[in-house]
Amino acid sequence: MKSITPFLMFQGNAEEAMNHYISIIEDSEITSIDLYGPNELGTEGSVKHATFTLKGQTFMCIDSNVQHGFTFTPSFSIYLTCESEAEIEKLYGALIDGGSAMMPLGNYGFSEQFGWIADKFGVSWQLDLPNKA
């Protein structure tokens, strides 16, 4: 086995999602992007295949060329361990914009601050500011 990479399947907004994520998470970038051209199976200009990194973690994504009756589920989430209250508040605010909270940002006893949300693209995120040791 060479690697294990999380893979996200969007339905027409993969490039917008990647750009949003790399704009709010430091040390992140789109590393490759291949778009559908004219007369291909997918919608012209949508993402055929792309890779991006968030804080060094590689992700792959596509825009599905087939409409599905399903989307992302909160049973799989991207977990962010934050270093400060300012950082968790900034990320939470940027990710919840247009999305919804499953657990609003707060102190639930197991960490200093924690929040679990689905962003405007349907991707689930857990944000944690661990208790100080």
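Residues numbered from 1 in each chain as written. Predicted model: local features only at pLDDT ≥ 70, side-chain atom pairs only at ≥ 80, totals over all residues. Heavy atoms only, no water.

Q: What exactly am I supposed to notice about the domain arrangement of the protein chain here?
A: Interfaces are often described in size by the accessible area the parts lose on coming together. If you check the domain split of the protein chain, you get domain 1 (5–61) and domain 2 (76–128). Between the C-alpha centres of domain 1 and domain 2 there is a distance of 21 Å. Residue-level contacts link 11 residues of domain 1 with 12 residues of domain 2. Between domain 1 and domain 2, a total of about 1,000 Å² is buried, with carbon and sulfur atoms accounting for 77% of that surface. (Domains from an automatic or database assignment. Contact = heavy atoms within 4.5 Å. Buried area = accessible area lost by both parts, 1.4 Å probe.)

Q: Mind showing me how you'd approach the sheet that holds strand β1 (residues 7–10) here?
A: Read from one edge of the open sheet, 4 strands run β1-β4-β3-β2, paired in mixed fashion. This sheet does not close on itself; its edge strands, each paired only once, are β1 and β2 (29–35). Geometrically, the sheet is characterised by an average inter-axis angle of 15° between neighbouring strands, direction not taken into account. Where strand β3 (residues 47–54) and strand β4 (residues 57–63) come together, 5 bridges link them in antiparallel fashion. Bridge pairing links Phe52 to Phe59 in β4. Docked against the sheet, helix α1 (residues 14–24) engages β1, β2, β3 and β4, running at close to 10° with respect to β3. (Pairing = 2+ DSSP bridges. Helix = DSSP H or I, 4+ residues; strand = E, 2+ residues; numbered from the N terminus. Axes fitted to C-alpha atoms, helices over the stretch in contact; angles between N-to-C directions.)

Q: In this structure, what is going on with helix α2 (residues 85–96)? I would like to understand it.
A: Residues spaced three or four apart along an α-helix face the same direction, because each turn holds 3.6 residues. Under the 1.5 Å per step criterion, the end-to-end length of α2 is 16 Å for 12 residues, consistent within 8% with the ideal 16 Å. Those residues of α2 not exposed but buried are Ile88, Leu91, Tyr92, Ala94 and Leu95. The elements touched by buried residues of α2 are α1, β5 (77–81), β6 (100–106), β7 (113–118) and β8 (124–129). Phi turns positive one or two residues past the end of α2, at Gly98, with a value near 85°. (Expected span 1.5 Å × (residues − 1). Buried < 20%, exposed > 50% of the residue type's maximum accessible area, 1.4 Å probe, protein only.)

Q: Explain the nonpolar core here, please?
A: A general trend in soluble globular proteins is that nonpolar side chains are found buried together. Counting residues in hydrophobic clusters, the biggest one holds 28 residues, and the most contacted among them are Phe10, Tyr21, Trp125 and Leu127. Broken down by secondary-structure element, the contributors of at least two residues to this core are β1, α1, β3, β4, β5, α2 and β8. (Core = buried A, V, L, I, M, F, W, Y, C linked by side-chain atoms within 4.5 Å.)

Q: Any chance you could explain the pairing of β8 here in plain terms?
A: Along any regular strand, the residues point their side chains to alternate faces of the sheet. Here β8 lies mainly inside the structure; 6 of its 6 residues are buried. With burial as the criterion, each face of β8 is covered, one bearing Ser124, Gln126 and Asp128 and the other bearing Trp125, Leu127 and Leu129. Both β5 and β8 contribute to a ladder of 5 bridges, which runs parallel. What sits directly across from Ser77, in β8, is Ser124.

Q: When you look at the packing of aromatic side chains in this model, what are you seeing that I'm missing?
A: By convention here, two paired aromatic rings are described through the distance between centres and the angle between planes. On inspection of all chains with the given rule, the structure shows 9 aromatic pairs. Their ring planes at 65° and their centres at 5.2 Å tell us that Phe10 and Phe72 sit as a pair that is edge-to-face. One end of the pair, Phe10, is in strand β1; the other, Phe72, is in the loop between β4 and β5, and 62 residues separate them in sequence. Here Phe10 falls in the buried class, since its relative accessible area comes to 2%. For the ring pair Phe10 and Phe121, a centre distance of 6.3 Å and an interplane angle of 90° mean the geometry is edge-to-face. (Phe/Tyr/Trp six-rings, centres within 6.5 Å; stacked < 30°, edge-to-face > 60°.)

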